[in-house]
Amino acid sequence: MAQKEVSFEENLEKLKKIVDGLESGNIPLKESMNKFKEGTEIIKQCYKELEEAELKVEMLIKKDGVITRESYKK
Amino acid sequence: MAFKLFRKKRKNILPNVSVALSASEADSNLIDKRIFSVYEITRHIKNILKGDKELEDFYLRGEISTPKQYPSGHTYFTLKDEKSQISCVLFRRNAENIRFNLEHGMKVIIRGRIDVYEPRGDYSVIVEDIQPDGIGALNLAFIQLKNKLEKQGLFLNEHKKQLPQFPKTIGLISSLSGAVMHDVLNVLKRRYPLVKVLIVPTPVQGKEATNSIVDAITLINQREYNIDVIILARGGGSLEDLWCFNEESVARAIFQSRVPLISAIGHETDFTIADFVADYRAPTPSVAAEKATPDINELKKLINNFNERILNAIDNLIKINKSGLDQMASRPIFRRPLETIHAYYQKIDSFEYMLKAKISQSMSLKRKSLEISDSKLSALNPRAILERGYSIVMKGDKIIKSATEVKIDNNINVIFYKGELEAEVKKIKK
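Residues numbered from 1 in each chain as written. Chains lettered and ligands numbered in written order. Predicted model: local features only at pLDDT ≥ 70, side-chain atom pairs only at ≥ 80, totals over all residues. Heavy atoms only, no water.

Can you help me understand the side chain of Thr272(B) in this one?
When you line up the elements, Thr272(B) lands in the loop between β9 (261-265) and α10 (273-277). When residues no more than four places from it in sequence are discounted, the contact partners of Thr272(B) are Phe142(B), Leu242(B), Phe245(B), Asn246(B) and Ile265(B). (Helix = DSSP H or I, 4+ residues; strand = E, 2+ residues; numbered from the N terminus. Contact = heavy atoms within 4.5 Å.)

What's the story with the sheet that holds strand β4 (residues 107-117) of chain B in this structure? I'm lost.
In sheet architecture, strand pairing relies on hydrogen bonds along the backbone and comes in two forms, parallel and antiparallel. All names here are of chain B. Around the barrel, five strands lie side by side as β1-β2-β3-β5-β4; this closed barrel has mixed pairing. Sheet twist, expressed as the average angle between the axes of neighbouring strands with direction ignored, equals 50°. Relative to strand β5 (residues 122-132), strand β3 (residues 85-90) is paired through two bridges, and the arrangement is parallel. Residue pairing across strands places Val 89 opposite Ile 126, the latter belonging to β5. Contacting β4 and β5, helix α3 (residues 38-51) runs over the sheet at an angle of about 135° to β4. (Pairing = 2+ DSSP bridges. Axes fitted to C-alpha atoms, helices over the stretch in contact; angles between N-to-C directions.)

Got a minute to help me understand the pattern of salt bridges in this structure?
Overall, the coordinates contain 27 salt bridges over all chains when judged by the stated rule. Two residues, Arg120(B) and Asp122(B), come together in a salt bridge whose shortest N-O distance is 3.1 Å. Judged by its relative accessible area of 61%, Arg120(B) falls in the exposed class. For Asp326(B), the salt bridge goes to Lys322(B), with nearest N and O atoms at 3.8 Å. Here Lys322(B) and Asp326(B) lie together in helix α12 (residues 296-329), a separation of four residues that amounts to about one turn. Look at Asp326(B) and you get partly exposed, because its relative accessible area is 43%. Within the structure, one salt-bridge network assembled from shared partners comprises Lys16(A), Asp20(A), Glu23(A) and Arg309(B). (Salt bridge = Lys/Arg side-chain N within 4 Å of Asp/Glu carboxyl O. Buried < 20%, exposed > 50% of the residue type's maximum accessible area, 1.4 Å probe, protein only.)

Help me out: how do you make sense of the packing of aromatic side chains in this one?
The relation between two aromatic rings is expressed through the spacing of the ring centres and the mutual angle of the planes. All names here are of chain B. Under the counting rule described, the total for this entry stands at five aromatic pairs over all chains. On the numbers, 6.5 Å between centres and 55° between planes, the contact of Phe 142 with Phe 276 is tilted. Separated by 134 residues along the polypeptide, Phe 142 in helix α6 (residues 137-151) and Phe 276 in helix α10 bring together distant segments of the chain. The exposure class assigned to Phe 142 is buried, which follows from its relative accessible area of 16%. A network of ring pairs unites the aromatic residues Phe 142, Phe 155, Phe 271 and Phe 276 as a single cluster. A cation over an aromatic ring shows up here: Lys 68 above the ring of Tyr 70, its NZ or CZ 4.7 Å from the ring centre. Directly above the aromatic system of Phe 276 lies the positively charged group of Lys 146, at a separation of 5.0 Å from the ring centroid. (Phe/Tyr/Trp six-rings, centres within 6.5 Å; stacked < 30°, edge-to-face > 60°. Lys NZ or Arg CZ within 6 Å of the ring centre and 35° of its normal.)

So what exactly am I meant to see when it comes to the pairing of strand β11 (residues 392-395) of chain B here?
For a regular strand, the rule is simple: side chains alternate between the two faces of the sheet. Residue and element names in this part refer to chain B. Pairing of β11 with strand β13 (residues 411-415) involves three bridges; the strand directions are antiparallel. Considered in β13, the bridge of Ile 392 is made with Ile 415. The hairpin turn running from β11 into strand β12 (residues 398-399), its antiparallel successor, is two residues long, and Gly 396 in that turn takes a positive phi close to 65°.

Please explain the interface of chain B and chain A as it appears in this structure.
Interface size is commonly expressed as the accessible surface area that is lost when the partners come together. Across the boundary between the two partners, chain B contributes 35 residues, which contact 38 residues of chain A. Summed over both partners, the interface of chain B with chain A comes to about 3,400 Å²; 76% of that surface belongs to carbon and sulfur atoms. Considering only the surface of chain B that becomes buried against chain A, Ile303(B), Phe306(B) and Ile310(B) emerge as the three largest contributors, covering 19% of it. Inspection of the region where chain B meets chain A yields three salt bridges. Between chain B and chain A we count nine residue pairs in polar contact (both at pLDDT 80 or more) in total. Those elements giving two or more residues to the side of chain B that touches chain A turn out to be α7 (180-191), β7 (196-201) and α12 of chain B. Looking at side-chain class alone, the side of chain B that touches chain A contains 26 nonpolar, four polar and five charged residues. With four bridges joining them, strand β1 (residues 56-63) of chain A and β7(B) adopt parallel strand pairing. Looking across to β7(B), one finds that Glu58(A) is bridged to Leu198(B). (Buried area = accessible area lost by both parts, 1.4 Å probe. Polar contact = N/O pair within 3.5 Å; in protein donor to acceptor, adjacent residues only side chain to side chain. Nonpolar A, V, L, I, M, F, W, Y, C, P; charged D, E, K, R; others polar.)

Teacher, can you tell me more about the pairing of β5(B) here?
Residues and elements named next belong to chain B. As defined by bridge partners, β4 adjoins β5 across ten bridges and the pair is classed as antiparallel. In the strand pairing of β5, Asp 115 is matched with Ser 124. Once β4 ends, the chain turns through four residues before running back antiparallel as β5, passing Gly 121 with a positive phi of about 65°.

In this structure, what is going on with the sheet that holds β13(B)? I would like to understand it.
Residue and element names in this part refer to chain B. The sheet built from four strands is open, its strands ordered β12-β11-β13-β14 with antiparallel pairing. In this open sheet, the two strands that pair with only one neighbour each are β12 and β14 (420-424). Where β11 and β12 come together, two bridges link them in antiparallel fashion. Counterpart to Met 394 in the pairing with β12 is Ile 399.

Don't take any of this as a statement about function, it's just geometry.
In structure tokens form, the structure reads like this:
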């Protein structure tokens, strides 16, 4: 669940940093291996998110001055 | 005199009437032609004008001159043509229905009626409606509002907010009826199903539309909804149908929107004021949905690309480290470790040699100095002196250095280089 809170965008950002860092070759080997592990985890998670994503649609309805959220059904 | 003349005249006109009668008739004539007050005559004129069917409701073409709006909301102007002019009043309640502003020199067609303003005795046209002559009223209102907002800088690029690359929540303001919902949601589903959509349904046509759209924009801007981008959309329609998107209040609401807003109103060829103020204008609702989101296929490619890069990077890193290790292992210290030790041996040998040389040098120096000291010492040895032929004379333990130190018959010892003898003093020579 904790992973879910990281947005796709944040994951991409992180991934970019990791890959850039690894490509620069300036990171000690041991740290590089850890980063690699982290990076592949994020990639897995991104794939999963893209595969499993399902559009969520809701509506804001104002009734008698009160605003409620309702799910949208076509 | 005048009176007499009058009487004479009357006589001439009515010759059969007596003078006496004619005098009284003249008086009654005067009473018949009663004297009006200014008010009465004005009232009379007003009634005549009001009684004229033609003046009750007519159209009038002319050019507006010097319009002036008063704080009351009423506008006064003169309508002119080449030959004449007439003053006009546009009361506030009628002005509210007119979507453009009156400007000096504007050619118009007015629908109105004539009325008299009694306190001033002026007659003027009470304007019921006013249309631009030669161009539609809506068109003119559009042009005028566009000019106004443009002057106020509402369309400037510097105010355009950047659309987010990866929106988490999209606010969709549109009507639930019509194809817009379907089109937009379909595109989002196909393109970026990661996103959440929050719809604020609103009429997009008719009287309530304007306020409802303004409310929707304001509502969805509230931070609790966490909207990243707004799509304000409507399907195609006539200029009248789309009119609410040309209302100033809608334009201002869009301008004030904290959240970036994409407008997609009507068909590709329709441009509304809302489009000019929006941060991005999409030609259709579907394009708006595309503009608001990244493409999932592109994202998959991007992730693939990252995957390749990270594998390559780690592969390279391992290669580099391995080759570094190989290089290290191929150094002489690891390949022929004894060689290095031998080098140390040599060094030690050379040190030893140098040490010995140093020592022998210092020894010979010392020896030399010892020899010198020795020769000096032997030069001072009394035996060496004796060897040269000198003798030492002693009396008891005492060396005699003077003849006075002895007396006749004293026994003395004479020491030679070789041997010693005992003698007696025979004679002393002083």
